[in-house]
Each structure stands twice: as structure tokens, then as C-alpha cells.
Amino acid sequence: MSNEQALRRDVALANRIIERFGLSNAFGHVSARIPGSDRFFISTRRSPGLADEDHLLVIDTSGKVVSGDGMPNSEFWIHARIYAARPDVGAVVHAHPPACISLTQIGEPHRVVHNQGSAFVDVPEYGRIGLIRSRELGDEVAQSLGSGNAVMMRGHGISTAFRDVRAATVAACFLEESAQLNLGMLAAAGGDGKRIRAFTRDEAALANEQTGPAARAAERAWEYYAMVAQQKPLGG
């Protein structure tokens, strides 16, 4: 299998993972930069759960569809402008995970409360409501992301940005898992966030080095998510 074929396979599989694990349903998309270029592979305008490695689009950072058949997702600008602003980013996930959205809508920050959430210290928020359907709005999202690895989008979802598509996908799953724990802890604490024993920065850094989305241990997470996604039915 060529490097391009392997990347196409991972992009399609990553899209199916975010659907099978409930981070998205009919909407959402995962992309990966074609190494050494300003172009990226992204799924066509359909549910991520239906992504097919043989039917991906190639789009560049200026928004031009370079190759592929089918309509692009209207929010491809999230991907295009993050890649334009961040040469270090090799993959972007945009999804609509319910717990992450819930945190933004109750005005609570994401707190690091377990090992798998340790990569997400001081996650920024993009506060504008609405879809990201222009270059200018894509630039706003990229600016909100800054040099970080994730941005919460109020009432909308999340975008993660990592060195490769596996890490970005694992990160999205980890962030939603962490947000679910945040909501549960807030409920158990009667809404008092001060009662939550969030990790310190040093504790989060240690945990992220050991079990974060870019750590070696995350390979096990990708293996698990990939295997489950291949066995679960669409919408399952």
C-alpha cells in the first residue's frame, strides 16, 4: 500500500470513527494534509459515517477543489484555514460532540479531570454562532485555536488539530470523554466547579506525556476505535 493510499484509508476510517462513537451523526468531517503541500484530503458532503477512501476530495488552503468528485462540506474552511495558519498541523477533526457543546452552553470551561483529558488545558472557545462557510470565518476559527490543539465552538462543536490524523481523531474522542466526566462531576458537585479536583498544569503535562493523544500509548486507542468502527453499524 502506498503512502497516499494509507493516508486515504486513515482519513476515511477517522470519519467513520467520529460517527460510530457519537461525536457526529449526519454532519462533521475529518481531513489530513498531504505531506509537504498546502492540500488536504477531506470527505465529501455526506455523513462522516459514509466516508469512502476512494471518494475523497483534495482541497487547497485557498479553498480550491483540486481533485475528486462530489460536493465539498460547506465548512471545509475550518480545515483550509487551520492548515494555512499552522504548517505544523497534519490533520483536523471537526465534530459536534454533545458533552463538549453542553459545556460551552453552560459557560463552564473544560477542566482536566482524568488522564485522557490531559492534553486539553485552557481550551479556547470560538464564540460566534453559525456555520463556518467563508475564508474569513475559517481564519477566525484558526485564530481562536492559536497554537493550541483544540478549540471549543459555542453551541456548535469542536475542532482538533494534531500532527497526524490518528492523533487528531483520538484527541477528539478523548476530549468528548473528558467533557462527559466534567458534566458528571459538575452535577455531582451541585454545579460548584470549585469542588472538582482538576489536575494542575504539572499533573496534566505528566499525564499527557504518558497517555495523551500524541503519546505512544494512544496507538492502542486508535487500534480500539478503528476496530469498533469497523464492526459497529452506521448509526450504531
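Residues numbered from 1 in each chain as written. Predicted model: local features only at pLDDT ≥ 70, side-chain atom pairs only at ≥ 80, totals over all residues. Heavy atoms only, no water.

Asker: Which residues make up the layout of surface pockets, and what are the values?
Answerer: The calculated volume of the largest pocket comes to roughly 230 Å³. Taken together, 20 residues line the largest pocket, and the ones lying closest to its centre are P109, H110, R111, D122 and V123. Secondary-structure elements contributing two or more residues to the lining of the largest pocket are helix 3 (98-105) and helix 6 (201-211). Counted by class, the lining of the largest pocket contains 11 nonpolar, 4 polar and 5 charged residues. There is about 190 Å³ of room inside the second largest pocket. Lining the second largest pocket are A26, F27, G28, H29, R45, R46, N73, S74, E75, H96, L131 and R133. Broken down by class, the residue content of the lining of the second largest pocket amounts to 3 nonpolar, 5 polar and 4 charged. (1 Å grid on protein atoms, 1.4 Å probe; cavity = no way out; pocket = protein on both sides within 12 Å on 5 of 7 lines; lining within 4 Å. Points joined across faces, edges and corners; volume = space filled by probe spheres on them. Helix = DSSP H or I, 4+ residues; strand = E, 2+ residues; numbered from the N terminus. Nonpolar A, V, L, I, M, F, W, Y, C, P; charged D, E, K, R; others polar.)

Asker: Outline the packing of aromatic side chains, listing residues and values.
Answerer: Counted under the stated rule, the structure contains 5 aromatic pairs. Put simply, the rings of F21, Y224 and Y225 pair up and form one aromatic cluster. Above the ring of F21, the side-chain terminus of K232 is found at 5.6 Å from the ring centroid. (Phe/Tyr/Trp six-rings, centres within 6.5 Å; stacked < 30°, edge-to-face > 60°. Lys NZ or Arg CZ within 6 Å of the ring centre and 35° of its normal.)

Asker: Give me the sheet that holds strand 1 (residues 29-33): which residues, what numbers.
Answerer: Here 8 strands make up an open sheet; going across it, the order is 4-3-2-1-5-8-7-6 and the pairing mixed. Each edge of the open sheet carries a strand with a single partner, namely strand 4 (65-67) and strand 6 (125-126). Direction of pairing for strand 1 relative to strand 5 (residues 91-95): antiparallel, over a ladder of 4 bridges. Across the sheet, the residue bridging to S31 is V92, located in strand 5. The strands touched by helix 5 (residues 165-188) within the sheet are strand 1, strand 5, strand 7 (150-153) and strand 8 (157-162), with strand 8 carrying the most contacts at an inclination of about 145°. (Pairing = 2+ DSSP bridges. Contact = heavy atoms within 4.5 Å. Axes fitted to C-alpha atoms, helices over the stretch in contact; angles between N-to-C directions.)

Asker: A description of the packing of helix 1 (residues 3-20) against helix 7 (residues 218-231) should follow, citing residues and the corresponding values.
Answerer: Orientation of helix 1 relative to helix 7, taken along the N-to-C sense of each, is 75°, at an axis distance of 9 Å. In terms of their interaxial angle, helix 1 and helix 7 are classed as roughly perpendicular. Listed contacts from helix 7 to D10, L13, A14, R16, I17 and R20 of helix 1 are W222, Y225, A226, A229 and Q230. Its residues assigned to classes, the contact of helix 1 with helix 7 shows 7 nonpolar, 1 polar and 3 charged. (Parallel < 35°, antiparallel > 145°, perpendicular 65-115°, else oblique.)

Asker: Talk me through the pairing of strand 5; I want residue IDs and the actual numbers.
Answerer: Most of strand 5 is tucked away: 5 of the 5 residues are buried. Of the two faces of strand 5, the one holding A91, V93 and A95 and the one holding V92 and H94 are both buried throughout. Examined bridge by bridge, strand 5 and strand 8 share 5 bridges and lie antiparallel to one another. In the strand pairing of strand 8, H94 is matched with S159. (Buried < 20%, exposed > 50% of the residue type's maximum accessible area, 1.4 Å probe, protein only.)

Asker: Quick rundown of the nonpolar core? Include the residues and the values.
Answerer: Counting residues in hydrophobic clusters, the biggest one holds 65 residues, and the most contacted among them are I17, I82 and F120. Ranked by residues supplied to this core, first place goes to helix 5 with 11 residues. Residues in contact with I17, not counting those within four places in the same chain, are T169, C173, W222, Y225, A226 and A229. (Core = buried A, V, L, I, M, F, W, Y, C linked by side-chain atoms within 4.5 Å.)

Asker: Describe the pattern of salt bridges, listing the residues and the values that go with them.
Answerer: One pass over the full model with this rule turns up 10 salt bridges. Note that R166 is salt-bridged to D10, the shortest N-O span being 2.9 Å. Note that R166 is positioned in helix 5 and D10 in helix 1, a separation of 156 residues in sequence. With relative accessibility at 9%, the residue D10 sits in the buried group. Between D122 and R201 there is a salt bridge whose closest N-O contact spans 2.1 Å. (Salt bridge = Lys/Arg side-chain N within 4 Å of Asp/Glu carboxyl O.)

From the geometry alone we can't say anything about function, so treat these as descriptive.
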